[in-house]
Amino acid sequence: MTYDDVFVSPAWLHERLNRPDILPIDGSWYLPTMEKNGEPRDARAEFDTAHIPGAVFFDLDESSSKTSPLPHMMPDPIRFSSRMRKLGVGDGMTFVVYDGFGLFSAPRVWWMLKVMGARSVFLLDGGLPAWEKAGYLLSDQPVRRSERHFTARLDQSAIADVDDVRKAIEQKTVTAKGTTTILDARSAGRFSGEESEPREGMASGHMPGARSVPFLELTEDGKMKSAEALKALFSDKSIDLDAPIITSCGSGVTAVILSIALHLSGARDVRVYDGSWAQWGSLGDVPVETGPDVGLATEKTR
């Protein structure tokens, strides 16, 4: 996977904005702690006020599973197809997903579309801030599209579940390329347990043996760092890109940013733990550790 396989520039989208087969998708979603101008961010309200012309709003909460108590779990293909059909998201189209942060929630939407079988999906490099910085117009006009057929086929191989994580911790699954590594995209403070979780009832800390790779270390000015910079970062952390990797975060959102960074760096066997810490931290019967990244601490003391 190369950068051009994932990202398109604002200029690329602007040149093709009037083509009927190109559809911008606003995939904005924010944590309750995220603010803009001193107020909590409201993704839908911001979309209604200003969006890329012709874009549709992908409601991450409403487009996720409604049968699971966990946030942002992948829905079944029938539900996803229904949601996409009503948005006017159809087979044979090219989708360009963006968010208002730059690179935060849009990768999760990009990943959901790809895992459900969409063939041509990109992320807008730098998101809405980059679009605005380029001087391109925004719209506050409601977008109404005719329903389109969307064929959803879930690629289960891209997803890790709680049993996969248990096996990785217990090192019960050993392949020719080695044992599975768990990488955590949450902040270092949440990983160590020094920061409380934003959701009530969650344990603080991390999965035993997991490594800390905060997603903000992978980005710069709302954009993904270059493949060279990402490879250097993973090398500095002694992450084996040839071994199987499971990425995790708070609720499966920024774990996808980490997954993309790994693929850009040459990793091939990467899965996203869909339940992430929202599941693991609420189970009560699974091991939880606190403290900094032991692997990184060990490397620094050699």
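Above this note sits the structure.
Since this is a predicted model, take the numbers as computed values, not measurements.

For the overall build of the chain, give the residues involved together with the corresponding values.
Counting its regular elements, the chain contains 12 helices and 16 strands. Its C-alpha radius of gyration of 19 Å places the chain within 12% of the 19 Å reference for a compact globule of 302 residues. Taking all 302 residues of the chain together, the buried fraction comes to 52%. In the chain, 78% of the contacts between residues at least 6 apart in sequence involve partners at least 24 apart. On the chain, roughly 14,000 Å² of surface is accessible, and the fraction owed to carbon and sulfur atoms is 48%. Averaging the positions of the 34 positive and the 43 negative side-chain charges in the chain gives two centres separated by 5 Å.

Talk me through the environment of Val 213; I want residue IDs and the actual numbers.
Along the chain, the position of Val 213 falls in the loop between strand S12 (211-212) and strand S13 (219-220). Note: C-alpha distance between Val 213 and Gly 201 (12 residues apart in sequence) is 24 Å. Sequence-distant contacts of Val 213, that is, excluding residues within four places in its chain, are made with Leu 183, Asp 184, Ala 185, Leu 218, Leu 233, Phe 234, Lys 237 and Leu 258.

An account of the sheet that holds strand S8 (residues 159-160) is needed here, citing residue identities and associated values.
Strand order in the open sheet formed by five strands is S8-S16-S15-S11-S12, with parallel pairing between adjacent strands. The open sheet is flanked by S8 and S12, the only strands paired with a single partner. Bridge count for strand S11 (residues 181-184) against S12 is two bridges, and the pairing is parallel. Bridge assignment links Leu 183 to a residue of S12, and that residue is Arg 211.

Tell me about the side chain of His 72, and name the residues and values.
For His 72, the location among the structural elements is in the loop between strand S5 (56-57) and helix H4 (77-87). Taking the relative accessible area as the measure of exposure, His 72 reaches 3% and is therefore buried. Residue contacts for His 72: discarding those within four places in its chain leaves Trp 29, Leu 60, Asp 61, Ser 64, Arg 108, Arg 199, Ser 251, Val 253 and Asp 274.

Before we move on, could you go through the sheet that holds strand S1 (residues 7-8) and cite the residues and values that matter?
Strands sit in the order S1-S7-S6-S2-S5 across an open sheet of five strands; the sheet is parallel. The strands lining the two open edges of the sheet, one partner per strand, are S1 and S5. As judged from the two bridges shared by strand S2 (residues 22-26) and S5, these two strands associate in the parallel manner. Opposite Ile 25, over in S5, you have Val 56 as the bridge partner. Along the sheet, helix H5 (residues 106-115) contacts S2, strand S6 (94-98) and strand S7 (120-124); its crossing angle with S7, the most-contacted strand, is approximately 175 degrees.

Break down the packing of aromatic side chains for me, with residues and values.
Counted under the stated rule, the structure contains nine aromatic pairs. On the numbers, 5.8 Å between centres and 65 degrees between planes, the contact of Phe 80 with Phe 150 is edge-to-face. On the criterion of sequence distance, the pair formed by Phe 80 in helix H4 and Phe 150 in the loop between helix H6 (127-133) and S8 is long-range, its members being 70 residues apart. As far as the burial class goes, Phe 80 and Phe 150 line up, both buried. Aromatic pair Phe 101 and Phe 104: ring centres 5.6 Å apart, planes at 55 degrees, arrangement tilted.

Explain the side chain of His 51 residue by residue, including any values.
Mapped onto the elements, His 51 comes out in the loop between helix H3 (43-49) and S5. Among the residues examined, His 51 registers a relative accessible area of 1% and is labelled buried. A distance of 3.1 Å separates a polar side-chain atom of His 51 from the backbone oxygen of Gln 141. Not counting the four nearest positions on each side in its chain, His 51 is found in contact with Tyr 98, Leu 138, Ser 139, Asp 140, Gln 141 and Val 143.

Could you give me a rundown of the environment of Thr 49, with the residues and numbers involved?
Along the polypeptide, Thr 49 turns up in helix H3. Sequence separation between Thr 49 and Lys 114 is 65 residues; the distance between their C-alpha atoms is 28 Å. Among all residues touching Thr 49, those that are not within four sequence positions of it are Ser 139 and Asp 140.

Before we move on, could you go through H5 and cite the residues and values that matter?
H5 sits mainly inside the fold: nine of its 10 residues count as buried. Considered for burial, the residues of H5 that qualify are Ala 106, Pro 107, Arg 108, Val 109, Trp 110, Trp 111, Met 112, Leu 113 and Val 115. Positive phi shows up at Gly 117, right after H5, with a value of about 110 degrees.

Requested: an account of the pattern of salt bridges, with residues and values cited.
Applying the stated criterion across every chain, the model contains 13 salt bridges. Ionic pairing is found between Arg 85 and Glu 147, a salt bridge with its closest N-O pair at 3.4 Å. Here Arg 85, found in helix H4, pairs with Glu 147, found in the loop between H6 and S8; they are 62 residues apart in sequence, far enough to count as distant. Between Asp 293 and Arg 211 there is a salt bridge, with the nearest N and O atoms lying 2.9 Å from each other. Remark: Arg 211 occurs in strand S12 and Asp 293 occurs in the loop between helix H11 (276-283) and helix H12 (294-300); sequence separation between them is 82 residues. Arg 211 gets classed as buried once you look at its relative accessible area, which sits at 11%. What you see here is one network of salt bridges that share partners, running through Asp 184, Arg 186, Arg 190 and Glu 197.

Criteria and thresholds
Residues numbered from 1 in each chain as written. Predicted model: local features only at pLDDT ≥ 70, side-chain atom pairs only at ≥ 80, totals over all residues. Heavy atoms only, no water. Helix = DSSP H or I, 4+ residues; strand = E, 2+ residues; numbered from the N terminus. Rg over C-alpha atoms; globule rule 2.2 N^0.38 Å. Buried < 20%, exposed > 50% of the residue type's maximum accessible area, 1.4 Å probe, protein only. Contact = heavy atoms within 4.5 Å. Areas by Shrake-Rupley, 256 points an atom, 1.4 Å probe, with all protein chains shown as cover. Lys, Arg positive; Asp, Glu negative; His and termini not counted. Charge placed at Lys NZ, Arg CZ, Asp CG, Glu CD. Pairing = 2+ DSSP bridges. Axes fitted to C-alpha atoms, helices over the stretch in contact; angles between N-to-C directions. Phe/Tyr/Trp six-rings, centres within 6.5 Å; stacked < 30°, edge-to-face > 60°. Polar contact = N/O pair within 3.5 Å; in protein donor to acceptor, adjacent residues only side chain to side chain. Salt bridge = Lys/Arg side-chain N within 4 Å of Asp/Glu carboxyl O.

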